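# Chain and residue survey
Spelled out, the chains give:
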Number of protein chains: 2
Amino acid sequence: MSWTGPGLTTEQFVERAFVLPPTISDSAITGVYRTPLSGESDRLVLVGHGGGSDDAHKHSGYIVSMAGLLAQRGIASLSIDGPGHGERASFSFQGDHDEIERAWVGGGGTPGVVADWRAALDFIEAERGARPTGWWGVSMGTMMGVPVIAADDRIRLAVLGLMGIWAEIGPDLERLAPDVTCPLRFLVQWDDERIPRQTCFDLFDRLGSTRKTLHANPGPHSGIPRFEFESSADYLARYLR
Amino acid sequence: MSWTGPGLTTEQFVERAFVLPPTISDSAITGVYRTPLSGESDRLVLVGHGGGSDDAHKHSGYIVSMAGLLAQRGIASLSIDGPGHGERASFSFQGDHDEIERAWVGGGGTPGVVADWRAALDFIEAERGARPTGWWGVSMGTMMGVPVIAADDRIRLAVLGLMGIWAEIGPDLERLAPDVTCPLRFLVQWDDERIPRQTCFDLFDRLGSTRKTLHANPGPHSGIPRFEFESSADYLARYLR
């Protein structure tokens, strides 16, 4: 298993799908690799999606949008379906609080998430070569990002946020956050109805990076303003080296 | 009284000093108007300095630096000495907590600060014409900025921060903050040893703007990173219209 077909050209990027063998869970890794319309890139960002919905996966609207913003800036991106999401879903989400945890555990938990992302990055590097690599992911994208960045020093710049030292994943995030040492930006939605604000501050405080900036905007969990997405793409484009 | 001499050309801008008659206090208004080396600008930012030191005035290092960052982006700026600071000082600062309050009251309090800044803006508009106008000022620059912006709708974009609903000025800021309705960016130093973090959040919450973003960086009150200064100049350059 690897590439599953020819490139699909959209208005923003060329997307190529792949499937990789399972790592810790029994679920094959389904992913996409996106390159600028201008061609291959000398930089790569791993884009991790949010969770808890049947619409949360590697083709979520804002994930495609972020990949487009990166491609406009000449940056390739890689997204895989998170544990129990997208093509890897084993149940349909109803909106219950404990569904992300159920999907997470079913996907091998934190070790499974780390193994999946590292396998995907290994695959892309084997196919396209190693390059300066960053992370973009909020909410479940940060639940995944903190353990992955802590484990893999190929990731040297990150945009995180909308997550705290909170819920079942909290102890893992608390334990691993100090091992995240790359420069990063951390997004907070000031009126987040899902993740208590103080727990986000706790995670921000705990991250080991000396260069970290918190950006907060009014509004609910899903309300990151468009300009903040654009600004995070600018941030990656400016500092990923 | 008005312009006090010919323009002084630095590496960053052309600076021209002025003196205006006292408004509410008995202290003449001492200020500078700075234009890009390329010539007159079609946009203006009022740059308010911090307080509580003999080095805090219209020629403070970071004030000159901010004026330079704006001038590089083609934006003119205006700075006056705050109440009891710079050329308007009536005593030397020793670092005591109550000295800013003493200087503030001696300068006519909040009404005096508002009257001084409005007189300075009136003067520059009479001399150079009305233009889209913004505010940049942290710490005492926000103590001044909130009342001035609340009173004067010529100011349509702002960078504020390093100040809370706090100390003697607190009630004035609490009362006037809802009248600040322009888009703004609010800077917080996460480890601010002078202004309690929660009081900064209280002020951010209280500001009437619907479009407001908080940027926080680790470090003490005086430790705003260079990139954040640059980013705030970029913000003004991008959105001041």
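All values derive from a computational prediction rather than experimental measurement.

### Quick notes on the relation of the copies chain A and chain B
In screw terms, the move from chain A to chain B is a rotation of 180 degrees and a rise of 0.0 Å along the axis, fitting with an RMSD of 0.0 Å. The superposition of one copy onto the other is thereby described by a two-fold rotation axis. Considering only C-alpha atoms, the part of chain A nearest the rotation axis is His215 of chain A, at 2.3 Å.

### Side note on the interface of chain A and chain B
Contact with chain A, which involves 20 residues of that partner, is made by 20 residues of chain B. Here chain A and chain B share an interface that buries about 1,500 Å² over both sides, 53% of which is from carbon and sulfur atoms. Close ionic contact of Arg238 of chain A with Glu230 of chain B constitutes a salt bridge, the shortest N to O distance being 3.5 Å. Between chain A and chain B we count eight residue pairs in polar contact (both at pLDDT 80 or more) in total. Secondary-structure elements contributing two or more residues to the side of chain A that touches chain B are helix H6 (197–206), strand S9 (212–217) and helix H7 (226–239) of chain A. Looking at the side of chain A that touches chain B residue by residue, the classes come out as eight nonpolar, four polar and eight charged.

### Comments concerning a negative patch on the surface
Where like charges cluster on the molecular surface, the negative patch consists of Glu174, Asp202 and Asp205 of chain A together with Asp191 and Glu193 of chain B. Relative to the elements of secondary structure, Glu174 of chain A occurs in helix H5 (residues 170–176). The class for Glu174 of chain A is partly exposed, based on a relative accessible area of 38%.

### Description of the packing of helix H3 (residues 109–128) of chain A against helix H4 (residues 140–151) of chain A
All names here are of chain A. One way to put it is that H3 packs onto H4 with a least axis distance of 9 Å and a crossing angle of 65 degrees. The angle between the axes of H3 and H4 places the two elements in the roughly perpendicular class. Read as a crossing pair, H3 and H4 show a hand that is right-handed. Here H3 contributes Thr110, Val113, Val114, Trp117 and Arg118 to the contact with H4, which in turn contributes Met144, Pro147, Val148 and Ala151. For the contact of H3 with H4, a count of residues per class yields seven nonpolar, one polar and one charged.

### Remarks on the packing of aromatic side chains
A full pass over the atoms with the stated rule returns 29 aromatic pairs over all chains. An aromatic cluster is present here, built from Phe186, Trp190, Phe201 and Phe204 of chain A together with Phe186, Trp190, Phe201 and Phe204 of chain B joined pairwise through their rings. One cation-aromatic arrangement involves Arg102 of chain A over Phe91 of chain A; the distance from NZ or CZ to the ring centre is 3.7 Å. Of note, Arg197 of chain A hangs over the ring of Trp190 of chain A, and the distance from its end group to the ring centre comes to 3.8 Å.

### Structural notes on H3 of chain A
An α-helical turn contains 3.6 residues, so a residue and the one three or four places further along point in the same direction. Taking 1.5 Å as the rise per residue, H3 of chain A with 20 residues should run 28 Å; its terminal C-alpha atoms sit 29 Å apart, in good agreement. Regarding H3 of chain A, the residues found buried are Gly109, Thr110, Gly112, Val113, Val114, Asp116, Trp117, Ala120, Leu121, Phe123, Ile124 and Glu125 of chain A.

Parameters at a glance
Residues numbered from 1 in each chain as written. Chains lettered and ligands numbered in written order. Predicted model: local features only at pLDDT ≥ 70, side-chain atom pairs only at ≥ 80, totals over all residues. Heavy atoms only, no water. Least-squares fit on C-alpha atoms with pLDDT ≥ 70 in both. Contact = heavy atoms within 4.5 Å. Buried area = accessible area lost by both parts, 1.4 Å probe. Salt bridge = Lys/Arg side-chain N within 4 Å of Asp/Glu carboxyl O. Polar contact = N/O pair within 3.5 Å; in protein donor to acceptor, adjacent residues only side chain to side chain. Helix = DSSP H or I, 4+ residues; strand = E, 2+ residues; numbered from the N terminus. Nonpolar A, V, L, I, M, F, W, Y, C, P; charged D, E, K, R; others polar. Patch = residues over 30% accessible without salt bridge, like charges linked within 9 Å, V, L, I, M, F, W, Y side chains within 5 Å. Areas by Shrake-Rupley, 256 points an atom, 1.4 Å probe, with all protein chains shown as cover. Lys, Arg positive; Asp, Glu negative; His and termini not counted. Charge placed at Lys NZ, Arg CZ, Asp CG, Glu CD. Buried < 20%, exposed > 50% of the residue type's maximum accessible area, 1.4 Å probe, protein only. Axes fitted to C-alpha atoms, helices over the stretch in contact; angles between N-to-C directions. Parallel < 35°, antiparallel > 145°, perpendicular 65-115°, else oblique. Left-handed = near helix turned anticlockwise from the far one by under 90°. Phe/Tyr/Trp six-rings, centres within 6.5 Å; stacked < 30°, edge-to-face > 60°. Lys NZ or Arg CZ within 6 Å of the ring centre and 35° of its normal. Expected span 1.5 Å × (residues − 1).

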